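Fold and contact review
Residues per chain, in single letters:
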Amino acid sequence: MTRAKATSASVVGTGALGDSHHQFGFSFDQRRCTGCKTCEMACRDYHDLGVGPAFRTVHEYAGGIWTQNDEGAWEHDVFAFYVSMSCNHCTNPVCLRFCTSDAIAKDDFGFVRVDVERCTGCQVCALSCPYHAPRFNEASAHIEKCDGCHDRVAAGLGPICVEACPQRALGFGIYDDLVDHPLAVERVALMPDPVITQPNYAIEPCEAALRAVGPDTLRNLGEI
Ligand code: SF4
Ligand code: SF4
Ligand code: SF4
């Protein structure tokens with residue numbers, strides 16, 4: 001599999017939706033994202049999640065200061081950018097490996113899915129996932145997470161979050177077939193090293209996201 005060199009800003013990356021036996025994934029053109037959270041809300045609405053944990057969240061980063069230079073002029077290095085994040089349906093899903101009840105499996109689309117009938121709610125998957133994708137539903141006492149909108153994809157449709165994005169910042173398709181772009185990376189800002197789980201998430205980064213940023217620049221920790 002070719003990794004970290006393909007991304008797309010299209011609603012649906014390529015054809016072949018509904019055709020299983022491929023590893024599907026997401027792309028994200030960070031330069032287009034305005035942080036509107038329509039993706040998060042569309043997912044929440046479609047999957048009837050109410051006010052509990054969301055399957056997709058939008059991380060907001062901002063920082064920088066104004067300084068006065070030797071000539072007395074004011075200069076700044078202020079920045080703001082967003083990362084829209086769900087489960088990355090990793091090629092090496094540690095959530096699956098550490099699940100204590102064999103409740104997590106990878107399906108024919110490459111989606112990593114939770115069988116709620118088997119899930120005991122131990123939350124080991126949530127603790128092991130570096131992207132914090134598995135979410136504990138206190139009402140049902142089991143884990144829930146993004147299933148890639150499996151039913152829609154099997155019917156030849158795109159995930160609802162991708163189709164809802166007004167900026168066409170999110171893309172979806174066969175991961176290897178997403179449009180090649182020399183800037184694409186699998187890690188920006190404070191994201192974990194992709195070597196750990198091999199996430200199927202190709203990001204076309206904005207310039208600020210490639211700079212070193214500290215934890216203090218994440219502005220909406222309470223929401224994610
Ligand atoms: S809907 Fe699109 S533009 Fe809005 S936050 Fe999500 S990815 Fe960004
Ligand atoms: S992002 Fe986390 S929950 Fe999703 S497949 Fe990867 S390790 Fe598992
Ligand atoms: S693919 Fe479907 S379940 Fe996953 S974040 Fe998008 S809308 Fe939610």
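Residues numbered from 1 in each chain as written. Chains lettered and ligands numbered in written order. Predicted model: local features only at pLDDT ≥ 70, side-chain atom pairs only at ≥ 80, totals over all residues.

What follows is about the site of ligand 2. The local shell around ligand 2 holds 14 residues, among which Cys 87, Cys 90, Pro 93, Cys 95 and Cys 129 are the closest. Among the residues making up the shell around ligand 2, the classes are represented as 10 nonpolar, three polar and one charged. (Near = placed C-beta within 6 Å. Nonpolar A, V, L, I, M, F, W, Y, C, P; charged D, E, K, R; others polar.)

Although it is not a glycine, Asp 102 adopts a positive phi angle of roughly 55°. Tracing the sequence through the fold places Asp 102 in the loop between α2 (94-98) and β6 (104-106). Phi at Ala 141 takes a positive value of approximately 60°, unusual for a residue other than glycine. With respect to the helices and strands, the residue Ala 141 is situated in the loop between β8 (135-137) and β9 (142-144). Classification of Ala 141 by C-beta neighbours within 10 Å gives exposed; the count is 11. (Helix = DSSP H or I, 4+ residues; strand = E, 2+ residues; numbered from the N terminus. Buried ≥ 20, exposed ≤ 12 C-beta atoms within 10 Å, placed from the backbone.)

Before going further, it helps to spend a moment on the sheet that holds strand β1 (residues 24-29). The strand order across the open sheet formed by three strands is β10-β1-β11, and the pairing between neighbours is mixed. Each edge of the open sheet is held by one strand with a lone partner, namely β10 (170-174) and β11 (201-204). Averaged over neighbouring strand pairs, the angle between their axes works out to 20° when direction is ignored. (Pairing = 2+ DSSP bridges. Axes fitted to C-alpha atoms, helices over the stretch in contact; angles between N-to-C directions.)

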